[in-house]
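# Coordinate inspection notes
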Amino acid sequence: MAEEKGFFKRLFSGLSKTRDNIVSGMDSIFNGFSKIDEEFYEELEEVLIMGDLGVQATYDILDDLREKVKTQHIKEPAACRQILIDSIKEQMDVGETAYEFEDKTSVVMVVGVNGVGKTTTIGKLAGKLRAQNKKVILAAADTFRAAAGEQLKEWANRAQAELIGGQEGSDPASVVYDAVAAAKARHADVLLCDTAGRLHNKKNLMEELKKINRIVDREYPEAFRETLVVLDATTGQNALQQAREFKEVADISGIILTKMDGTAKGGIAVAIQSELGIPVKYIGVGETIDDLQKFNADTFVDALFASTDRESETDNEEI
Ligand SMILES: Nc1nc2c(ncn2[C@@H]2O[C@H](COP(=O)(O)OP(=O)(O)OP(=O)(O)O)[C@@H](O)[C@H]2O)c(=O)[nH]1
Ligand SMILES: [Mg+2]
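The name that an unreviewed UniProt entry assigns to the chain is Signal recognition particle receptor FtsY, with the source organism given as Dorea acetigenes. Listed under Function (unreviewed entry) in UniProt, the entry text for the chain is "Involved in targeting and insertion of nascent membrane proteins into the cytoplasmic membrane. Acts as a receptor for the complex formed by the signal recognition particle (SRP) and the ribosome-nascent chain (RNC)." Word for word, the UniProt comment on the chain under Sequence similarities (unreviewed entry) is "Belongs to the GTP-binding SRP family. FtsY subfamily."

As structure tokens, this is what we get:
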């Protein structure tokens, strides 16, 4: 329970910039309007879009709200606040099977464009799995960038996971081939594959991912598969576009949204889920090994919409 409270507190402070945008805008609408009219809906729409929730999610949320206002005969603008919050929670629920891979013999491909936080996230994820006593192997399949292998090695040491790498410039698919062999031989629970974010061009990058996937399909058909796209939340709508592009070439099973600390664009989590139908499974809230959180829609939306009363409440909580 203390852990749960600590989590809320960290998430709460991590989302402060996003919340400043959304909550102050919403509260002024809920308090400023005396009746529910078109102007009220228009202003809400503007706040949600400014908060990076995306056009699609905003329309869905407002349609739902209009419907409930009608059927429940709601007259007070203030009563809409909770309906809105519940509607976002419903849209963002990740479902019970989201973290299945953690308890299976699995291969997790981590993909994303350069600099979004793939390598860091793999380190954090390895740390999480090691804390559950899982046997974890990391594959350094980003052989394109000179320092990439070294960076992953540091994370492997920190997380106490084993690393399989290759020479700079070597074939990433062959690194994955070796890593699969090691995972099988050592009965590893989870194999996490780091991939390059930048190649000579986008087509090369996508072709390489397909090739790596084919190797795993062929060499390790019994493994449970997970492909996670890492997106940098600070890039807002660009992140959404990147997710779309990866969705075209790979079977994406989830999103990891990094750098949620210190961005005003945290609402992008809502947009991704609602526009692409891909669940956000983890969020990165800092640069250390403990700064990766499982995404919980209820906690996230509560932290996103918490008013300042909740802030003073959390100040008294132990971490
Ligand atoms: N504040 C913050 N920084 C993060 C987070 N995740 C990653 N970073 C930082 O983002 C930078 C890039 O992270 P990397 O893990 O190297 O990104 P990458 O996707 O592997 O990059 P390439 O291998 O070059 O494609 C590093 O400075 C990380 O410390 C996060 O959740 N919060
Ligand atoms: Mg990297």
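From this point, the narrative continues.
## Points about the overall build of the chain
In terms of regular secondary structure, the chain is built from 13 helices and eight strands. A globule of 319 residues ought to have a C-alpha radius of gyration of about 20 Å, and the chain, at 21 Å, matches this closely. Taken along its principal axes, the extent of the C-alpha atoms in the chain is 65 × 45 × 35 Å. Here the chain holds 319 residues, and the buried ones make up 43% of them. Across the chain, every contact between residues at least 6 apart in sequence was considered, and the portion connecting residues at least 24 apart equals 77%.

## Concerning the pairing of strand β2 (residues 136-141)
Of all six residues that make up β2, six are buried, and the element is covered over most of its length. Across the two faces of β2 the burial is the same, with V136, L138 and A140 and I137, A139 and A141 all buried. One ladder, built from six bridges, connects β2 with strand β4 (residues 190-195); its direction is parallel. By the bridge assignment, A139 is partnered in β4 with C193.

## Observations concerning unusual backbone geometry
The general pattern is negative phi for most residues beyond glycine and trans for most peptide bonds. Even without a glycine there, the phi angle at N133 is positive, about 65°. With respect to the secondary-structure elements, N133 resides in the loop between α6 (118-131) and β2. The phi torsion at H187 lies on the positive side, around 50°, for a residue other than glycine. One can find H187 in the loop between α8 (172-185) and β4. Residue H187 is classed as exposed on the basis of its 8 C-beta neighbours within 10 Å.

## Examining the packing of α8 against helix α9 (residues 202-219)
Helices that pack against each other are described as a pair by the angle of their axes relative to one another and the distance between those axes. Packing of α8 against α9 brings their axes to within 9 Å, and their N-to-C directions diverge by 25°. Considering the angle they form, α8 stands roughly parallel to α9. The element α8 and its partner α9 pack so that their crossing is right-handed. For the pair α8 and α9, the contacting residues are P172, A173, V176, Y177 and V180 in the first and E208, K211, I212, I215, V216 and E219 in the second. Of the residues belonging to the contact of α8 with α9, the class tally is eight nonpolar, no polar and three charged.

## Section: the UniProt feature "domain: SRP54-type proteins GTP-binding" (unreviewed entry) in the chain
UniProt feature "domain: SRP54-type proteins GTP-binding" (unreviewed entry): in the numbering of this structure it lies at residues 279-292. As annotated, residues 279-292 comprises 0% helix and 43% strand, and the C-alpha atoms at either end are separated by 16 Å.

## Quick word on helix α10 (residues 237-249)
Taken together, the buried positions of α10 are A239, A243 and F246. Buried residues of α10 fall within an arc of 65° about the axis and therefore sit on the same side. Turned more than 90 degrees away from the buried face of α10, the exposed residues are Q237, Q241 and E248. Buried residues along α10 sit in contact with β1 (106-111), β5 (224-232), β6 (254-258) and α11 (268-276).

## Points about the sheet that holds β4
A sheet is described by the order of its strands in space; here eight strands give the open sequence β3-β2-β4-β1-β5-β6-β7-β8, paired in mixed fashion. This sheet does not close on itself; its edge strands, each paired only once, are β3 (162-164) and β8 (292-294). Taking each pair of neighbouring strands and ignoring which way they run, the sheet shows an average axis angle of 25°. Of the strands in this sheet, β1, β2 and β4 are in contact with α9, which crosses β1 at around 175°. Packed onto the sheet, α10 meets β1, β5 and β6 and runs at close to 150° relative to β5.

## Comments concerning the nonpolar core
Of all hydrophobic cores here, the largest spans 93 residues; its most connected members are A126, L138, A139, V176, L191, L192 and C193. The biggest single contributor to this core is α8, with seven residues. Excluding residues that lie within four positions of it along the chain, V176 makes contacts with A139, A141, C193, I212, I215 and V216.

The rules behind each value
Residues numbered from 1 in each chain as written. Chains lettered and ligands numbered in written order. Predicted model: local features only at pLDDT ≥ 70, side-chain atom pairs only at ≥ 80, totals over all residues. UniProt positions renumbered as here; feature names shortened; annotations may be inferred. Helix = DSSP H or I, 4+ residues; strand = E, 2+ residues; numbered from the N terminus. Rg over C-alpha atoms; globule rule 2.2 N^0.38 Å. Buried ≥ 20, exposed ≤ 12 C-beta atoms within 10 Å, placed from the backbone. Contact = placed C-beta atoms within 7 Å. Pairing = 2+ DSSP bridges. Axes fitted to C-alpha atoms, helices over the stretch in contact; angles between N-to-C directions. Parallel < 35°, antiparallel > 145°, perpendicular 65-115°, else oblique. Left-handed = near helix turned anticlockwise from the far one by under 90°. Nonpolar A, V, L, I, M, F, W, Y, C, P; charged D, E, K, R; others polar. Arc of directions from axis to C-beta. Core = buried A, V, L, I, M, F, W, Y, C linked by C-beta atoms within 7 Å.

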